[in-house]
Amino acid sequence: MKPLLPLADLPAAAAPAPHCPECRAEGYVIEAAGDWTEARVCRCVPACERCGGLGQVNALVDGVPRSGRCACQRIPDRVARFNLARIPARFASATLSTFMTGAMTLGEPKKQVAAAEAMRWLGSWRPGEHGRGLVLHGLVGRGKTHLLIALLRELVFKHAVSVRFIEFSRLLATLREGYSEGRSDSPVLRELATVEVLAIDELGKGRLTDWELQVIDDVISRRYNSSAVTLGTTNFRPGAATGAAPPNAAMIDQNPQTLGDRVGDRVYSRLREMADFIEVGGGDCRELLRALGR
Ligand SMILES: [Zn+2]
Ligand SMILES: [Zn+2]
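K.L.:
Teacher, can you tell me more about the overall build of the protein chain here?
P.N.:
Check the secondary structure of the protein chain and you find 10 helices and 10 strands. For the protein chain, the spread of C-alpha atoms along the three principal axes comes to 75 × 50 × 35 Å. For the protein chain, with 294 residues in total, the buried portion stands at 44%. When contacts within the protein chain are restricted to residue pairs at least 6 apart in sequence, those whose partners lie at least 24 apart make up 72%. Surface summary for the protein chain: the accessible area is close to 15500 Å², and the carbon and sulfur share equals 52%. The positive charge centre, built from 38 side chains, and the negative charge centre, built from 33, are 2 Å apart in the protein chain.

Laid out in C-alpha coordinates, this is it:
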(Lines give C-alpha, C1' and ligand atoms only; values in the text may rest on other atoms or scores of the structure.)
(Ligands and ions follow the chains in the order given, each with its own letter.)
Protein backbone atom coordinates (compact mmCIF):
# COMPACT_ATOMS: atom_id res chain seq x y z
CA MET A 1 0.00 0.00 0.00
CA LYS A 2 1.24 3.47 -0.87
CA PRO A 3 1.93 5.73 2.12
CA LEU A 4 -0.57 8.57 2.58
CA LEU A 5 0.57 12.02 1.43
CA PRO A 6 -0.43 15.35 2.93
CA LEU A 7 -3.47 16.77 1.08
CA ALA A 8 -1.40 19.78 -0.08
CA ASP A 9 1.03 17.47 -1.87
CA LEU A 10 -1.67 15.79 -3.99
CA PRO A 11 -2.33 16.96 -7.55
CA ALA A 12 -5.11 19.55 -7.90
CA ALA A 13 -8.70 18.27 -8.17
CA ALA A 14 -10.20 18.49 -11.67
CA ALA A 15 -11.73 21.89 -12.46
CA PRO A 16 -13.40 23.47 -15.51
CA ALA A 17 -11.20 25.21 -18.08
CA PRO A 18 -11.03 28.91 -17.12
CA HIS A 19 -12.01 30.18 -20.58
CA CYS A 20 -14.42 27.46 -21.71
CA PRO A 21 -16.96 29.09 -24.08
CA GLU A 22 -19.45 26.26 -23.59
CA CYS A 23 -19.90 26.46 -19.80
CA ARG A 24 -18.22 29.83 -19.13
CA ALA A 25 -15.98 28.09 -16.62
CA GLU A 26 -19.00 26.91 -14.59
CA GLY A 27 -18.21 23.27 -15.36
CA TYR A 28 -21.76 22.29 -16.31
CA VAL A 29 -24.10 22.75 -19.25
CA ILE A 30 -27.90 22.76 -19.11
CA GLU A 31 -29.94 21.82 -22.16
CA ALA A 32 -33.19 20.22 -23.31
CA ALA A 33 -33.04 16.42 -23.50
CA GLY A 34 -36.31 14.80 -24.57
CA ASP A 35 -39.09 15.94 -22.24
CA TRP A 36 -36.83 17.38 -19.58
CA THR A 37 -34.18 20.00 -18.98
CA GLU A 38 -30.98 18.21 -18.11
CA ALA A 39 -27.61 19.24 -16.79
CA ARG A 40 -24.32 17.54 -17.62
CA VAL A 41 -20.72 18.05 -16.64
CA CYS A 42 -18.98 20.12 -19.32
CA ARG A 43 -16.50 18.41 -21.64
CA CYS A 44 -13.82 20.89 -20.54
CA VAL A 45 -13.56 19.24 -17.10
CA PRO A 46 -10.64 16.81 -17.35
CA ALA A 47 -10.24 13.48 -15.60
CA CYS A 48 -9.34 14.10 -11.96
CA GLU A 49 -5.72 13.45 -11.08
CA ARG A 50 -6.31 13.89 -7.38
CA CYS A 51 -8.79 11.01 -6.94
CA GLY A 52 -8.25 9.17 -10.23
CA GLY A 53 -11.96 9.57 -10.94
CA LEU A 54 -13.00 7.63 -7.84
CA GLY A 55 -14.41 10.72 -6.12
CA GLN A 56 -12.76 9.72 -2.88
CA VAL A 57 -9.46 11.01 -1.48
CA ASN A 58 -7.30 9.54 1.24
CA ALA A 59 -4.67 11.91 2.58
CA LEU A 60 -3.04 13.28 5.69
CA VAL A 61 -4.66 16.38 7.13
CA ASP A 62 -2.58 17.93 9.92
CA GLY A 63 -0.73 14.64 10.06
CA VAL A 64 -3.92 12.60 10.62
CA PRO A 65 -5.13 10.10 7.95
CA ARG A 66 -8.43 11.29 6.53
CA SER A 67 -10.78 10.04 3.86
CA GLY A 68 -13.29 12.30 2.13
CA ARG A 69 -15.09 13.28 -1.02
CA CYS A 70 -12.82 14.82 -3.66
CA ALA A 71 -13.43 18.48 -4.54
CA CYS A 72 -13.95 17.42 -8.18
CA GLN A 73 -17.34 15.93 -7.17
CA ARG A 74 -18.88 19.31 -6.45
CA ILE A 75 -20.09 19.76 -10.03
CA PRO A 76 -21.32 16.19 -10.73
CA ASP A 77 -23.12 16.18 -7.34
CA ARG A 78 -25.02 19.34 -8.28
CA VAL A 79 -25.67 18.08 -11.80
CA ALA A 80 -27.25 14.94 -10.29
CA ARG A 81 -29.36 17.03 -7.93
CA PHE A 82 -30.54 19.25 -10.79
CA ASN A 83 -31.55 16.23 -12.86
CA LEU A 84 -33.83 15.04 -10.06
CA ALA A 85 -35.73 18.35 -10.20
CA ARG A 86 -37.63 17.29 -13.36
CA ILE A 87 -37.83 20.63 -15.15
CA PRO A 88 -39.71 20.51 -18.47
CA ALA A 89 -37.54 20.83 -21.60
CA ARG A 90 -39.14 24.12 -22.69
CA PHE A 91 -37.45 25.90 -19.78
CA ALA A 92 -33.90 24.80 -20.63
CA SER A 93 -32.76 28.40 -21.13
CA ALA A 94 -34.65 29.93 -18.18
CA THR A 95 -32.09 31.81 -16.08
CA LEU A 96 -32.14 35.05 -14.10
CA SER A 97 -30.01 36.66 -16.76
CA THR A 98 -32.28 35.60 -19.66
CA PHE A 99 -35.27 36.85 -17.62
CA MET A 100 -33.61 40.22 -16.97
CA THR A 101 -32.42 40.60 -20.58
CA GLY A 102 -35.93 39.71 -21.81
CA ALA A 103 -37.55 42.24 -19.45
CA MET A 104 -35.17 44.96 -20.65
CA THR A 105 -35.58 44.09 -24.34
CA LEU A 106 -39.36 44.17 -23.93
CA GLY A 107 -39.18 47.47 -22.01
CA GLU A 108 -40.89 45.99 -18.98
CA PRO A 109 -39.93 47.71 -15.70
CA LYS A 110 -42.49 45.68 -13.71
CA LYS A 111 -40.75 42.45 -14.66
CA GLN A 112 -37.39 43.96 -13.75
CA VAL A 113 -38.79 44.87 -10.32
CA ALA A 114 -40.11 41.31 -9.87
CA ALA A 115 -36.72 39.85 -10.83
CA ALA A 116 -34.94 42.20 -8.42
CA GLU A 117 -37.27 41.12 -5.59
CA ALA A 118 -36.75 37.46 -6.47
CA MET A 119 -32.97 38.00 -6.40
CA ARG A 120 -33.25 39.65 -3.02
CA TRP A 121 -35.15 36.60 -1.77
CA LEU A 122 -32.39 34.39 -3.19
CA GLY A 123 -29.74 36.56 -1.57
CA SER A 124 -31.32 35.92 1.83
CA TRP A 125 -31.00 32.15 1.39
CA ARG A 126 -28.90 30.62 4.14
CA PRO A 127 -27.84 26.99 3.69
CA GLY A 128 -29.21 24.71 6.37
CA GLU A 129 -31.74 27.25 7.64
CA HIS A 130 -35.45 26.87 7.08
CA GLY A 131 -35.99 30.03 5.07
CA ARG A 132 -39.21 31.45 3.70
CA GLY A 133 -40.78 30.26 0.49
CA LEU A 134 -41.90 32.37 -2.43
CA VAL A 135 -45.08 32.59 -4.50
CA LEU A 136 -44.91 34.43 -7.84
CA HIS A 137 -48.34 35.65 -8.89
CA GLY A 138 -49.63 37.46 -11.94
CA LEU A 139 -51.63 36.98 -15.09
CA VAL A 140 -50.94 34.24 -17.66
CA GLY A 141 -47.79 34.68 -19.79
CA ARG A 142 -45.93 37.14 -17.53
CA GLY A 143 -42.86 34.94 -17.13
CA LYS A 144 -43.56 33.55 -13.64
CA THR A 145 -42.44 30.01 -14.43
CA HIS A 146 -39.28 31.26 -16.16
CA LEU A 147 -38.40 33.20 -13.01
CA LEU A 148 -39.26 30.28 -10.72
CA ILE A 149 -37.03 27.88 -12.66
CA ALA A 150 -34.21 30.44 -12.77
CA LEU A 151 -34.35 30.49 -8.95
CA LEU A 152 -34.28 26.68 -8.78
CA ARG A 153 -31.13 26.62 -10.93
CA GLU A 154 -29.44 29.06 -8.57
CA LEU A 155 -30.51 27.09 -5.50
CA VAL A 156 -29.05 23.87 -6.93
CA PHE A 157 -25.81 25.19 -8.42
CA LYS A 158 -24.98 27.92 -5.90
CA HIS A 159 -26.31 26.38 -2.69
CA ALA A 160 -26.46 22.62 -3.47
CA VAL A 161 -30.16 22.50 -2.52
CA SER A 162 -32.34 19.51 -3.47
CA VAL A 163 -35.33 20.81 -5.40
CA ARG A 164 -38.37 19.34 -7.12
CA PHE A 165 -40.47 21.13 -9.74
CA ILE A 166 -44.00 19.95 -10.41
CA GLU A 167 -46.98 21.37 -12.26
CA PHE A 168 -50.06 21.61 -10.07
CA SER A 169 -52.13 19.35 -12.35
CA ARG A 170 -49.37 16.74 -12.37
CA LEU A 171 -49.07 17.00 -8.61
CA LEU A 172 -52.79 16.22 -8.33
CA ALA A 173 -52.47 13.27 -10.72
CA THR A 174 -49.49 11.94 -8.76
CA LEU A 175 -51.31 12.30 -5.47
CA ARG A 176 -54.39 10.63 -6.94
CA GLU A 177 -52.31 7.63 -8.01
CA GLY A 178 -50.60 7.38 -4.65
CA TYR A 179 -53.80 7.56 -2.66
CA SER A 180 -55.85 5.31 -4.94
CA GLU A 181 -53.26 2.62 -4.45
CA GLY A 182 -53.76 3.16 -0.73
CA ARG A 183 -50.21 4.36 -0.34
CA SER A 184 -50.42 7.65 1.46
CA ASP A 185 -46.78 7.05 2.38
CA SER A 186 -45.67 6.09 -1.14
CA PRO A 187 -42.09 7.20 -2.01
CA VAL A 188 -43.30 9.88 -4.42
CA LEU A 189 -45.67 11.42 -1.88
CA ARG A 190 -43.00 11.26 0.76
CA GLU A 191 -40.59 12.99 -1.62
CA LEU A 192 -43.06 15.81 -2.33
CA ALA A 193 -43.66 16.28 1.36
CA THR A 194 -40.01 16.17 2.38
CA VAL A 195 -37.82 17.44 -0.49
CA GLU A 196 -35.81 20.46 0.65
CA VAL A 197 -37.52 22.83 -1.81
CA LEU A 198 -40.78 21.96 -3.58
CA ALA A 199 -41.76 24.26 -6.47
CA ILE A 200 -45.40 24.00 -7.57
CA ASP A 201 -46.23 25.64 -10.89
CA GLU A 202 -49.74 27.02 -11.56
CA LEU A 203 -51.15 26.69 -8.05
CA GLY A 204 -54.92 26.51 -8.13
CA LYS A 205 -55.26 25.64 -11.82
CA GLY A 206 -57.89 23.19 -13.02
CA ARG A 207 -61.22 21.91 -11.77
CA LEU A 208 -60.61 21.07 -8.18
CA THR A 209 -62.67 18.41 -6.49
CA ASP A 210 -63.10 18.31 -2.71
CA TRP A 211 -60.86 15.29 -2.63
CA GLU A 212 -58.12 17.09 -4.56
CA LEU A 213 -58.35 20.06 -2.22
CA GLN A 214 -57.97 17.71 0.69
CA VAL A 215 -54.77 16.13 -0.65
CA ILE A 216 -53.29 19.54 -1.46
CA ASP A 217 -54.08 20.54 2.09
CA ASP A 218 -52.27 17.39 3.23
CA VAL A 219 -49.07 18.12 1.23
CA ILE A 220 -48.97 21.79 2.22
CA SER A 221 -49.68 20.94 5.87
CA ARG A 222 -46.87 18.41 5.94
CA ARG A 223 -44.46 20.94 4.49
CA TYR A 224 -45.76 23.63 6.83
CA ASN A 225 -45.31 21.40 9.88
CA SER A 226 -41.73 20.54 8.96
CA SER A 227 -40.88 24.17 7.98
CA ALA A 228 -39.89 22.96 4.51
CA VAL A 229 -39.54 25.64 1.85
CA THR A 230 -42.28 25.73 -0.79
CA LEU A 231 -42.18 27.86 -3.92
CA GLY A 232 -44.95 28.37 -6.42
CA THR A 233 -46.53 30.34 -9.20
CA THR A 234 -50.19 31.18 -9.59
CA ASN A 235 -52.37 32.99 -12.10
CA PHE A 236 -54.76 33.88 -9.27
CA ARG A 237 -54.45 37.00 -7.19
CA PRO A 238 -53.54 36.61 -3.53
CA GLY A 239 -56.50 36.78 -1.19
CA ALA A 240 -58.79 34.73 1.02
CA ALA A 241 -61.82 33.01 -0.50
CA THR A 242 -64.51 35.38 -1.78
CA GLY A 243 -66.94 32.75 -3.00
CA ALA A 244 -66.64 34.10 -6.58
CA ALA A 245 -67.50 31.64 -9.34
CA PRO A 246 -64.84 30.62 -11.91
CA PRO A 247 -64.77 33.02 -14.88
CA ASN A 248 -65.70 32.05 -18.39
CA ALA A 249 -62.95 31.85 -21.03
CA ALA A 250 -63.49 35.45 -22.22
CA MET A 251 -62.77 36.82 -18.75
CA ILE A 252 -59.35 35.26 -18.33
CA ASP A 253 -57.58 38.59 -17.65
CA GLN A 254 -60.14 39.74 -15.11
CA ASN A 255 -60.54 36.62 -13.06
CA PRO A 256 -62.73 37.37 -10.03
CA GLN A 257 -61.37 34.38 -8.13
CA THR A 258 -58.57 34.61 -5.58
CA LEU A 259 -56.01 31.95 -4.73
CA GLY A 260 -58.09 31.35 -1.58
CA ASP A 261 -61.12 30.58 -3.77
CA ARG A 262 -59.06 27.98 -5.60
CA VAL A 263 -57.12 26.16 -2.91
CA GLY A 264 -59.22 26.94 0.16
CA ASP A 265 -58.56 29.38 2.96
CA ARG A 266 -56.55 26.95 5.08
CA VAL A 267 -53.98 26.22 2.37
CA TYR A 268 -53.94 29.88 1.34
CA SER A 269 -53.28 31.15 4.86
CA ARG A 270 -50.53 28.54 5.33
CA LEU A 271 -48.89 29.69 2.08
CA ARG A 272 -49.08 33.26 3.32
CA GLU A 273 -47.31 32.25 6.49
CA MET A 274 -44.69 30.15 4.69
CA ALA A 275 -43.90 32.34 1.71
CA ASP A 276 -43.32 35.85 0.42
CA PHE A 277 -45.60 36.86 -2.46
CA ILE A 278 -44.14 38.72 -5.45
CA GLU A 279 -46.20 40.02 -8.34
CA VAL A 280 -44.83 39.45 -11.83
CA GLY A 281 -46.61 42.16 -13.77
CA GLY A 282 -46.28 43.90 -17.11
CA GLY A 283 -47.49 42.56 -20.42
CA ASP A 284 -47.86 39.06 -21.83
CA CYS A 285 -44.35 38.01 -22.98
CA ARG A 286 -45.59 36.26 -26.11
CA GLU A 287 -47.67 39.24 -27.23
CA LEU A 288 -44.79 41.64 -26.50
CA LEU A 289 -42.41 39.50 -28.55
CA ARG A 290 -44.91 39.33 -31.40
CA ALA A 291 -45.24 43.14 -31.35
CA LEU A 292 -41.45 43.36 -31.61
CA GLY A 293 -41.58 41.01 -34.61
CA ARG A 294 -39.55 38.28 -32.88
ZN1 LIG B 1 -16.70 24.00 -20.03
ZN1 LIG C 1 -11.32 14.04 -7.87
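K.L.:
Explanation requested: the sheet that holds strand 7 (residues 163-167) in the structure shown.
P.N.:
Whenever strands of a sheet pair, they do so through backbone hydrogen bonds, lying parallel or antiparallel. Strands sit in the order 7-8-9-6-10 across an open sheet of five strands; the sheet is parallel. The sheet is open, and its two borders are formed by strand 7 and strand 10 (275-279), each paired with just one other strand. Direction aside, neighbouring strands of the sheet carry axes that sit 15° apart on average. Pairing of strand 6 (residues 133-137) with strand 10 involves five bridges; the strand directions are parallel. Within the sheet, the bridge partner assigned to Val135 lies in strand 10 and is Phe277. Where helix 9 (residues 265-274) meets the sheet, its contacts fall on strand 6, strand 9 (229-234) and strand 10, and the angle it forms with strand 10 comes to roughly 95°.

K.L.:
Is there a simple way to think about the coordination of the zinc ion (ligand 1) in this case?
P.N.:
In an ideal octahedron of six donors the angles at the metal are 90 or 180 degrees, and in an ideal tetrahedron of four donors they are 109.5 degrees. Protein ligation of the zinc ion (ligand 1) involves Cys20 (SG), Cys23 (SG), Cys42 (SG) and Cys44 (SG), the donor distances falling in the range 2.2 to 2.3 Å. Geometry at the zinc ion (ligand 1) is tetrahedral, judged from its four donor atoms and the angles of 108 to 111° they form at the metal. One chain supplies every donor for the zinc ion (ligand 1), spaced along it as C-x2-C-x18-C-x1-C. Placement of the pair is Cys23 in the segment before strand 1 (28-33) and Cys44 in the loop between strand 2 (36-41) and strand 3 (56-61), with a sequence separation of 21 residues.

K.L.:
I would appreciate a short explanation of the domain arrangement of the protein chain in the present structure.
P.N.:
How big an interface is tends to be expressed through the accessible area that disappears when the partners come together. Assigned domains within the protein chain: domain 1 (7-83) and domain 2 (95-290). Each of domain 1 and domain 2 has a C-alpha centre, and the two are 32 Å apart. Counting from both sides, the interface comprises eight residues of domain 1 and, opposite them, 10 residues of domain 2. Broken down residue by residue, the surface that domain 1 buries against domain 2 is led by Arg78, Arg81 and Phe82, which jointly contribute 67%. Run the count over domain 1 and domain 2 and you get three residue pairs in polar contact (both at pLDDT 80 or more). Looking at the side of domain 1 that touches domain 2, the elements that each hand over two or more residues are strand 1, strand 2 and helix 1 (74-83).

K.L.:
Explanation requested: the nonpolar core in the structure shown.
P.N.:
Within soluble globular proteins, side chains that are nonpolar generally end up buried alongside one another. Of all hydrophobic cores here, the largest spans 39 residues; its most connected members are Leu147, Leu152, Leu155, Val197 and Leu231. Looking at this core element by element, the count peaks at nine residues for helix 4 (residues 144-159). Among the domains, domain 1 (7-83) and domain 2 (95-290) are the pair contributing at least three residues each to this core. With near-sequence residues (within four places) excluded, Leu231 lies in contact with Trp121, Gly133, Leu134, Leu148, Leu152, Leu155, Val197, Leu198, Ala199 and Ile200. Formed by 26 residues, the second largest nonpolar core is a distinct cluster that contains Leu189, Leu192, Leu208 and Leu271.

K.L.:
Teacher, can you tell me more about helix 6 (residues 187-194) here?
P.N.:
Counting along an α-helix, one turn takes 3.6 residues, and residues three or four places apart therefore face a common direction. Among all positions of helix 6, only Leu189, Leu192 and Ala193 are buried. Relative to the axis of helix 6, the buried residues are bounded by an arc of 95° and lie together on one face. Away from its buried face by more than 90 degrees, helix 6 exposes Pro187 and Thr194. Residues of helix 6 that are buried make contact with strand 7, helix 5 (168-180), strand 8 (197-201) and helix 7 (210-225).

K.L.:
Whenever I open this one, the pattern of salt bridges confuses me. Can you help?
P.N.:
If charged atoms from side chains of opposite charge come close, those side chains can pair. Within the structure shown, the criterion is met by 11 salt bridges. A salt bridge links Glu167 to Arg90, with the nearest nitrogen and oxygen atoms 3.4 Å apart. One end of the pair, Glu167, is in strand 7; the other, Arg90, is in the loop between strand 5 (87-88) and helix 2 (96-105), with 77 residues separating them in the sequence. Assessed through its relative accessible area of 23%, Glu167 is described here as partly exposed. Arg90 gets classed as exposed once you look at its relative accessible area, which sits at 61%. The closest approach of N and O atoms between Lys205 and Glu202, which form a salt bridge, is 3.5 Å. Look at Lys205 and you get partly exposed, because its relative accessible area is 46%. Overall, Glu202 belongs to the partly exposed group, its relative accessible area being 23%. Via salt bridges that share partners, Glu22, Glu31, Arg40 and Arg43 belong to a single interconnected network.

Quick notes on the rules
Residues numbered from 1 in each chain as written. Chains lettered and ligands numbered in written order. Predicted model: local features only at pLDDT ≥ 70, side-chain atom pairs only at ≥ 80, totals over all residues. Heavy atoms only, no water. Helix = DSSP H or I, 4+ residues; strand = E, 2+ residues; numbered from the N terminus. Buried < 20%, exposed > 50% of the residue type's maximum accessible area, 1.4 Å probe, protein only. Contact = heavy atoms within 4.5 Å. Areas by Shrake-Rupley, 256 points an atom, 1.4 Å probe, with all protein chains shown as cover. Lys, Arg positive; Asp, Glu negative; His and termini not counted. Charge placed at Lys NZ, Arg CZ, Asp CG, Glu CD. Pairing = 2+ DSSP bridges. Axes fitted to C-alpha atoms, helices over the stretch in contact; angles between N-to-C directions. Donors = N, O, S within 2.8 Å, 3.2 Å for Na, K, Ca; no water. Tetrahedral: all angles 85-135°; square planar, octahedral: opposite > 155°, others 65-115°. Domains from an automatic or database assignment. Buried area = accessible area lost by both parts, 1.4 Å probe. Polar contact = N/O pair within 3.5 Å; in protein donor to acceptor, adjacent residues only side chain to side chain. Core = buried A, V, L, I, M, F, W, Y, C linked by side-chain atoms within 4.5 Å. Arc of directions from axis to C-beta. Salt bridge = Lys/Arg side-chain N within 4 Å of Asp/Glu carboxyl O.

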